[in-house]
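Here is how the chains run, residue by residue.
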Amino acid sequence: MPSKFDHKIKTILQILHSRGYTVKGINQGIRLKMNGNVDVDIYTLKFDANKLRARLKLHIDDAGERIQIAGRLGGKLREALGNTLDMEEFKFSRCISGDYYYYARLFMLDLKIKRIMKAMRARGYCIKGIRQGIRLKMNGNVDIDIYTLQFDANKLRARLKLHIDDAGERARVIRDVSEKLREDMGSTLDMEEFKFSRCVSGNYYYYARLFMLDVQDVGSSEEKPEVLAVRKRGLSREAENTSKREDLQTVVEAFESVDSKMLRRSLDGLGIPRTSILRVAISRIFRAATDSEELKAAVQEEAMRISDPKDRSDLDAIVSVNDVAFLDAIIRMLHQSVSEGPGGMGGIINDH
């Protein structure tokens, strides 16, 4: 096996070889020979080797036939890749000289997610892969997403989305779902209570923290708070960090009554153009603020994207004119992080 291959590509190569696929090496990846003289390329991106893509090229004019082939080959690949990777649907990109190109994103599954997926499949769940995790199909057309945090793969979350206006009915569904999940997770996971996060376009989002049991079997994982309290002896530093996390959680809770329409109107009121990188950054932070860890990481990531002097100057102006209470904290933290680097966030986020 060529040593030049990325470790992810090597893993995929081994899997597909074992399933009888004919594979050849290409730049940054491999090419699979499929039935019907069709090739599928799987490769890492040139400028970000952490990201995987599948590329399908079809020289077929009939759109219906292309869609059928892309769907069939995508399904075949997902089945072949098994529990190691998840693959999105092929999406049309462009036509060049009569060749139609389709692309799909691939995601390596975390060891913890693979263990959860195996346990839940054994209990009869219908499971679909999602970004950084899996989706469980529950009775009553309810989906539960279980995933690792984008900025800290050691931490697991469960996300429940309900399109139910009646608060009492939502409480009943959450209770039933939680009881079933805890029963079926058995000795694999422990789950906290679902907590309401926000309502967006009529959808009510609830989140719960998950903790792997017997974590030594699956690598590093988030530990339960009571375990951490025993292990950490730096009490003064712990108290300081707890205070900062509580500050962050207060920001998160402030968003619970804010929906996307309110956010859009507030950004319009501040005069931030809809194409502005600052508007995109604030919107991303808002969407990511499901808990304190995600909020912290989102601010840090978006701050690194803001490098243009004009954008920095615009951010200075927004800080001085903002009068929207629920935006004040994230605008101030973003401004502080841009000004001082990822470590500087107004004393609220930096806990190093």
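Parameters and conventions
Residues numbered from 1 in each chain as written. Predicted model: local features only at pLDDT ≥ 70, side-chain atom pairs only at ≥ 80, totals over all residues. Heavy atoms only, no water. Helix = DSSP H or I, 4+ residues; strand = E, 2+ residues; numbered from the N terminus. Buried < 20%, exposed > 50% of the residue type's maximum accessible area, 1.4 Å probe, protein only. Areas by Shrake-Rupley, 256 points an atom, 1.4 Å probe, with all protein chains shown as cover. pLDDT = per-residue confidence, 0-100. Contact = heavy atoms within 4.5 Å. Axes fitted to C-alpha atoms, helices over the stretch in contact; angles between N-to-C directions. Left-handed = near helix turned anticlockwise from the far one by under 90°. Nonpolar A, V, L, I, M, F, W, Y, C, P; charged D, E, K, R; others polar. Core = buried A, V, L, I, M, F, W, Y, C linked by side-chain atoms within 4.5 Å. Phe/Tyr/Trp six-rings, centres within 6.5 Å; stacked < 30°, edge-to-face > 60°. Lys NZ or Arg CZ within 6 Å of the ring centre and 35° of its normal. Expected span 1.5 Å × (residues − 1). Arc of directions from axis to C-beta. Pairing = 2+ DSSP bridges. Lys, Arg positive; Asp, Glu negative; His and termini not counted. Salt bridge = Lys/Arg side-chain N within 4 Å of Asp/Glu carboxyl O.

Draft legend 1. Structural view of the overall build of the protein. When you go through the protein residue by residue, the secondary structure sums to 11 helices and 14 strands. Buried residues in the protein amount to 44% of all 352 residues. Approximately 18,600 Å² of the protein is accessible, and the part contributed by carbon and sulfur atoms is 48%.

Draft legend 2. Spatial organisation of the confidence of the model for the protein. Looking at the protein as a whole, the pLDDT averages 80, with 84% of positions reaching at least 70. Ranking the elements of the protein by mean pLDDT puts helix 5 (residues 225-231) last with 48 and helix 4 (residues 167-185) first with 92. Considering only residues more than four positions removed or in separate chains, one finds that residues 227-244, a stretch of pLDDT under 50, has 11 contacts.

Draft legend 3. Just the packing of helix 10 (residues 309-321) against helix 11 (residues 325-340), in detail. As a packed pair, helix 10 and helix 11 sit with axes 10 Å apart at the nearest point and diverge in direction by 145°. Between helix 10 and helix 11 the crossing geometry is left-handed. Here Arg-312, Leu-315, Asp-316, Ile-318 and Val-319 of helix 10 lie close against helix 11, whose contacting residues are Ile-331, Leu-334, His-335 and Val-338. Along the lines of polarity and charge, the residues of the contact of helix 10 with helix 11 split into 6 nonpolar, 1 polar and 2 charged.

Draft legend 4. A look at the nonpolar core. Ile-282, Leu-295, Leu-327, Ile-330, Met-333 and Leu-334 are the most contacted members of the largest nonpolar core, which totals 32 residues. When contributions to this core are tallied by element, the ones reaching two or more residues are helix 6 (235-254), helix 7 (260-269), helix 8 (277-288), helix 9 (292-305), helix 10 and helix 11. With 8 residues, helix 11 is the largest single contributor of residues to this core. Look past the residues within four positions of Leu-334 in its chain and what remains in contact with it is Ala-281, Ile-282, Ile-285, Val-299, Glu-302, Ala-303, Ile-306 and Leu-315.

Draft legend 5. Highlighting the packing of aromatic side chains. For the coordinates displayed, the defined rule picks out 4 aromatic pairs. Their ring planes at 40° and their centres at 6.3 Å tell us that Phe-196 and Tyr-204 sit as a pair that is tilted. Classification of Phe-196 by relative accessible area gives partly exposed; the value is 28%. The exposure class assigned to Tyr-204 is buried, which follows from its relative accessible area of 15%. Among the aromatic residues, ring-to-ring pairing joins Phe-92, Tyr-100 and Tyr-102 into one connected group. One residue, Arg-170, lies across the ring of Tyr-204, its end atom 3.7 Å from the ring centre. The lysine or arginine in question, Arg-198, covers the ring of Phe-286, its NZ or CZ lying 4.6 Å from the ring centre.

Draft legend 6. Spotlight on helix 3 (residues 111-122). Taking 1.5 Å of rise per residue, 12 residues should cover 16 Å, and helix 3 covers 17 Å from first to last C-alpha, within 8% of that figure. For helix 3, the set of buried residues is Lys-112, Ile-113, Ile-116, Met-117, Ala-119 and Met-120. One side of helix 3 carries all its buried residues, which in axial view fall inside an arc of 165°. Set apart from the buried face of helix 3 by more than 90 degrees, the exposed residues are Leu-111, Lys-118 and Ala-122. A positive backbone phi angle near 90° is found at Gly-124, which sits one or two residues after helix 3.

Draft legend 7. Structural view of the pairing of strand 8 (residues 126-130). Bridge count for strand 8 against strand 9 (residues 133-138) is 5 bridges, and the pairing is antiparallel. When the sheet's bridge partners are listed, Ile-127 is paired in strand 9 with Leu-136. The loop that links strand 8 with its antiparallel partner strand 9 comprises 2 residues; one of these, Gln-132, has a positive phi angle of about 65°.

Draft legend 8. Fine view of the side chain of Asp-311. When you line up the elements, Asp-311 lands in helix 10. No salt bridge is formed by the buried Asp-311; its nearest oppositely charged neighbour, Lys-310, is found at 5.6 Å. Non-local contacts of Asp-311, meaning those with residues more than four positions away in its chain, are made with Ile-277, Leu-278 and Ile-306.

Draft legend 9. How the structure looks around the pattern of salt bridges. Across all of its chains, the model carries 19 salt bridges by this definition. Here Asp-145 makes a salt bridge to Arg-159, at a shortest N to O gap of 3.0 Å. Taken together, the residues Asp-145 in strand 10 (residues 142-149) and Arg-159 in strand 11 (residues 152-162) connect sequence positions 14 residues apart. Judged by relative accessible area, which is 6%, Asp-145 ranks as buried. Of the charged contacts, one joins Lys-180 and Asp-184 as a salt bridge, the two residues approaching to 3.0 Å between their closest N and O atoms.

Draft legend 10. Representation of unusual backbone geometry in the model. With a phi close to 65°, Gln-28 is a non-glycine residue in the positive phi region. Relative to the assigned elements, Gln-28 resides in the loop between strand 1 (22-26) and strand 2 (29-34). With relative accessibility at 27%, the residue Gln-28 sits in the partly exposed group. Of note, the phi angle at Ser-201 is positive, near 55°, even though the residue is not glycine. Mapped onto the fold, Ser-201 is located in the loop between strand 13 (195-200) and strand 14 (203-212). Of the residues examined, Ser-201 reaches a relative accessible area of 57% and is grouped as exposed.

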